[in-house]
Every structure is written in C-alpha cells, then in structure tokens.
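# Understanding the architecture of this molecule
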Amino acid sequence: MKFYQILLLGCIVLFSTSFSNSHPIKITSSLIQSYPKDNVLEVECRVFIDDFTFSMNDTFTKNFNASSLSKEDIEGIESYFEKYYKIFINDKIYTLSYTSSEVFEEYNVLSIKFFNKIPVIKKGDQICIENTLFFQEFDFLQSNRMTVRIPPFISEDYYEITSLDKPITLNL
C-alpha cells in the first residue's frame, strides 16, 4: 500500500510540474530603424509575454496584462525600456516613447513599438545601443538580437548581445 501511495504522489508531482515550466528559450528580437526624411527613430521589440510580465510586475507596474494595457502598464513599459534599452546618438540618450503593441498569444509574444525624434544623422556620428533586457533575470541564458537599419549608412546589419557583451557601437 505504501508503495502505491509513493508512486501516486510521484506521479502527481511530475504531472503538476510538467505544465508549469516556462519556455527554455530566452531571447528578444528588435528592429531599429531611422527615417532620415522625418528624423525619426523607430524601434520594434518582440519579447516573450511571460518573461516580460515576470520582469515588469512589482517594479514597473502591478498586474501587467499584455492584452489590455492600462495607462500604468504603458508608463511601466516606457520606464522599463528607459532602464534596459538605451540608444545614444553622439553621447546623448534618446528615450523611447511607446506607440503601440500587438499580442501574438499563440506564440506567447508581445511586439512593442516605440519612436523618438532624432537629429539629422550624418557621416562621423556615433550611435551606441545598450540592450540589457532580461539580463538581470536570466543572465547568460538571455540573448538579445537586433536588426539595425540606418540609411544611407547601414542598409541592414544584425547584432546579438549576451550578458557578457558590451554595447553595440556604430561609427557612421
């Protein structure tokens, strides 16, 4: 009888924990592009919803709901990106302003779009991108991938940042 109780308990523990594990991939994907005609920098960043909710709650907002963002959630998103996703042009920081977001629930992904007005980018300028999203939570497991488009200087380049890397510096 005791054997069956232990076996049943083991099965219950195994069954209950098999559905609570989060996804093993720790990655973000971003598109950073400038529009020279309008002097605008746009950033679209895709994150896993559960990782983002875990990172946001209790520090930047309470009860974060990616499907129905409150004003507090949007302010929290901007504060979060201000701390962990920095873009410098010639040593001046340009904070990102939230414009919209889209939930891809079947993939557990949240796509967040930002913009900022920037000065005219010219030859000799330097752009520095510091993307440390989720490094505090996941350290070496986290990887942040970025596609950068800055016409006419960079048509399209790809970068990956891990917790061991320094910020990306682009000398135009």
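In the block above lies the structure referred to throughout.
Structural notes, computed from the coordinates. Every chain's residues receive numbers from 1 upward, in the order its sequence appears when written. Residues qualify for local features only when their pLDDT is at least 70, as the model is predicted, and side-chain atom pairs are given and counted only at 80 or more; totals for whole chains, interfaces and linings, by contrast, use all residues. Side-chain figures throughout are based on the complete set of non-hydrogen atoms in the structure, without hydrogens or water.

With that settled, consider the overall build of the chain. Only DSSP runs of H or I reaching four residues or more are called helices, and only runs of E reaching two or more are called strands; each is numbered from the N terminus. Counting its regular elements, the chain contains four helices and ten strands. In the chain, buried positions account for 39% of the 172 residues. It only takes one pair of heavy atoms within 4.5 Å for two residues to be counted as in contact. A sequence separation of at least 24 residues applies to 58% of the contacts in the chain between residues at least 6 apart. For the area figures, the Shrake-Rupley method with a 1.4 Å probe applies, and any residue is considered shielded solely by the protein chains shown. When the accessible area of the chain is evaluated, it comes to approximately 10500 Å², of which 56% is carbon and sulfur surface. A 1.4 Å probe rolled over the protein chains alone gives each residue an accessible area, and that area as a share of the maximum for its type sets the label: buried under 20%, exposed over 50%, partly exposed in between.

Moving on, we come to the sheet that holds strand 2 (residues 40-48). Read across the open sheet, the six strands follow the order 5-6-2-1-8-9; overall the sheet is mixed. Strand pairing shows two members of the sheet lacking a second neighbour, strand 5 (97-104) and strand 9 (154-162), which therefore form its edges. Ignoring strand direction, the axes of neighbouring strands in this sheet form an average angle of 15 degrees. Should DSSP find at least two bridges between two strands, the strands are regarded as paired. One ladder, built from eight bridges, connects strand 1 (residues 26-35) with strand 8 (residues 142-150); its direction is parallel. Bridging across to strand 8, Ser-29 finds its partner in Arg-145. Where helix 2 (residues 49-56) meets the sheet, it contacts strand 1, strand 2, strand 5 and strand 6 (109-117), and its direction lies at approximately 100 degrees from that of strand 2. Where helices are involved, their axes are fitted lines through C-alpha atoms of the stretch in contact, as for all axes, and angles between N-to-C directions lie from 0 to 180°.

Another aspect to go through is helix 2. Buried residues dominate helix 2, accounting for six of its eight residues. The inward-facing, buried residues of helix 2 abut strand 1, strand 2, helix 3 (71-84), strand 5, strand 6 and helix 4 (135-138).

Attention shifts here to the nonpolar core. It is characteristic of soluble globular proteins that their nonpolar side chains tend to be buried jointly. Take the buried residues of types Ala, Val, Leu, Ile, Met, Phe, Trp, Tyr and Cys, join any two whose side-chain atoms come within 4.5 Å, and each joined set is a nonpolar core. Ranked by size, the top nonpolar core spans 40 residues in total, and within it Phe-52, Phe-81 and Tyr-85 carry the most contacts. Apart from residues lying up to four places away in sequence, Tyr-85 is in contact with Ser-30, Ile-32, Val-43, Cys-45, Leu-96, Ile-129, Glu-130, Asn-131, Leu-133 and Met-146.

Now for the pattern of salt bridges. If charged atoms from side chains of opposite charge come close, those side chains can pair. Salt bridges are identified by distance alone: a Lys or Arg side-chain nitrogen within 4 Å of an Asp or Glu carboxyl oxygen. Counted under the stated rule, the structure contains five salt bridges. Between Glu-160 and Arg-145 there is a salt bridge, and its shortest N-O distance comes to 3.7 Å. With a gap of 15 residues between them, Glu-160 in strand 9 and Arg-145 in strand 8 connect regions that are remote in the sequence.

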